[in-house]
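Structural overview for review
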Amino acid sequence: MGTPKSDYTWRSGPGHQLFADAYHRLKGSEWDPWEWALMGQRRCRLVAVRDQLTARGLRRHGVRALAPGNPMMDGLGASADTLPPSGGARRVLLLMGSRSPEAIGNLQRLIEALLRCRQPLEVLAATGGQPGEEAIAAILERLGLERSPLPNGSGAVAAWRHHQRPLRLLLGPGKLADWARAADLAVATAGTATEQVVGLGCPALSLPGPGPQFKAPFARRQSRLLGGAVRVCMNAAELAEGVEHLLADGALRERLGAIGRRRMGPPGGSARIAAAIERELLRAPGQDGTS
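Right, let's walk through the structure included here. Note on numbering: residues in each chain are counted from 1, in written sequence order. The predicted origin of the model limits local features to residues at a pLDDT of at least 70 and limits the giving and counting of side-chain atom pairs to 80 or more, whereas totals for whole chains, interfaces and linings rest on all residues. Hydrogens and water molecules were not included; the side-chain quantities draw on all heavy atoms of the structure.

Further remarks concern the pattern of salt bridges. Pairing between side chains of opposite charge can happen when their charged atoms approach one another. By salt bridge we mean one thing: a side-chain nitrogen of Lys or Arg within 4 Å of a carboxyl oxygen of Asp or Glu. One pass over the full model with this rule turns up eleven salt bridges. We note a salt bridge from Glu-35 to Lys-5, for which the minimum N-O separation is 3.0 Å. Of the two residues, Glu-35 sits in helix α3 (residues 33-39) while Lys-5 sits in the segment before α1 (8-11), which places them 30 residues apart along the sequence. Where Glu-238 meets Arg-231, a salt bridge forms, and the shortest distance between an N and an O atom there is 3.5 Å. Take Arg-231: its relative accessible area is 36%, and that puts it in the partly exposed class. Under the DSSP-based scheme used, a helix requires at least four consecutive residues in state H or I and a strand at least two consecutive residues in state E, with every element numbered from the N terminus. For every residue, the accessible area obtained with a 1.4 Å probe (protein chains only) is divided by the maximum for its type, and the residue is called buried under 20%, exposed over 50%, and partly exposed between those limits.

Next up, the structure:
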């Protein structure tokens, strides 16, 4: 099940990584020769990858690869929660990642960048199990945000407002899919979550940091994978400028959203992969002429 690897990371997209691009171009695939050897063995009954481009690259090397769909886009249905009116503020989804303590440092850098924006913002911070609310609250209070009344029906668990800047932040564990559909754009220092929101049509700006995961090489690779639907910004000023530019250009947001949806594919991949497993691995002995 090859969801992490895609030939899009070297075949197209913004930016260049000369050594890596040349290496993959020489091979004609994101996958390596020892992987082709394993996948090409008779006992390897099923190879499922995330997109047709990658499957074609593997088939050129004798691997019977299929692209049933990208399971990363499954399970992202909308809930019944509805965000109340934002009062004229533009909505920005924030994805800080889930690995502590890196995620907390990323949150601080993203908020510091958004505080540079001139227009009112409603920041929708969608989180997973980590980092916890206490750690997030400590950073927000350090940056000058104060707790505020929770809007009804938002699905948020907490809300903060900045005491000087026109910025409100809502915290919503498990709200990624709902809030991606409500946001104008996303700011991100995450891996899978960024791919998912871009696949839902929400363009993103990323801000690589000291790591260990979300560093500049990872961010550039992610941007190429997603065809530029996520743009890499190297500092807070560049991210704030990018937010202002994207908020002002609805046509650009639509174009980048369409690229993201194409690169990630539609939902339904999990069911098609399950059907392929049943067909190729679970059929009764002897059905394919073997015992």
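Read on for the rest.
Another aspect to go through is the packing of aromatic side chains. Side-chain rings of Phe, Tyr and Trp, where Trp is taken by its six-membered ring, are said to pair if the distance between their centres is within 6.5 Å; with planes under 30 degrees apart they count as stacked, over 60 as edge-to-face, and otherwise as tilted. Counting across every chain of the model gives one aromatic pair. Above the plane of the ring of Trp-31 lies Lys-5, whose end atom (NZ or CZ) is 4.8 Å from the centre. Think of it as a cone above the ring: NZ of Lys or CZ of Arg counts as a charge over the ring if it is within 6 Å of the ring centre and within 35 degrees of the ring normal. One residue, Arg-11, lies across the ring of Trp-10, its end atom 5.6 Å from the ring centre.

Further remarks concern the pairing of strand β6 (residues 158-162). The buried fraction of β6 is high, at four of five residues. In the sheet, strand β5 (residues 145-147) pairs with β6 via three bridges, with the strands oriented antiparallel. By the bridge assignment for β6, Leu-145 is matched with His-162. Two strands pair under a simple rule: DSSP has to find at least two bridges between them. One ladder, built from four bridges, connects β6 with strand β7 (residues 167-173); its direction is antiparallel. Its bridge partner lying in β7, Ala-159 is registered against Leu-170. The antiparallel pairing of β6 with β7 creates a hairpin that spans four residues between the two strands.

The subject of this paragraph is helix α11 (residues 250-264). Taking 1.5 Å of rise per residue, the 15 residues of α11 would be expected to cover 21 Å, and the 21 Å separating its terminal C-alpha atoms lies within 8% of that figure. Taken together, the buried positions of α11 are occupied by Leu-252, Arg-253, Leu-256, Gly-257, Ile-259, Gly-260, Arg-263 and Met-264. One side of α11 carries all its buried residues, which in axial view fall inside an arc of 160°. Of the exposed residues in α11, those oriented more than 90 degrees away from the buried face are Ala-251, Glu-254 and Arg-262. Residue contacts are counted whenever heavy atoms from the two residues lie within 4.5 Å of one another. Of the surrounding elements, those touching the buried residues of α11 are α1, β3 (90-95), α8 (192-199), α9 (216-225) and α10 (236-248). Of the residues that open α11, the one with a side-chain oxygen 3.3 Å from the backbone nitrogen of Ala-251 is Asp-249. The first or second residue beyond α11 is Gly-265, which carries a positive phi of 85°. A helix is expected to span 1.5 Å for every residue after the first. The arc in question is formed by the directions pointing from the helix axis toward the C-beta atoms. Polar contact is defined as a pair of N or O atoms within 3.5 Å, subject to the rule that within protein one atom must be able to donate a hydrogen and the other to accept it, and that residues adjacent in sequence are counted only when both atoms are side-chain atoms.

Patch membership is restricted to residues that have no salt bridge and whose relative accessible area is over 30%. Joining uses 9 Å for like charges and 5 Å for the nonpolar side chains Val, Leu, Ile, Met, Phe, Trp and Tyr. Values of accessible area rely on a 1.4 Å probe in the Shrake-Rupley scheme; residue burial ignores everything except the protein chains shown. In this charge count, Lys and Arg are treated as positive and Asp and Glu as negative; neither His nor the chain ends contribute. In plain terms, the charge of a residue is placed at NZ if it is Lys, CZ if Arg, CG if Asp and CD if Glu. A cluster of basic residues, Arg-11, Arg-56, Arg-59 and Arg-60, forms a positive patch on the protein surface. For Arg-59, a relative accessible area of 39% translates into the label partly exposed.

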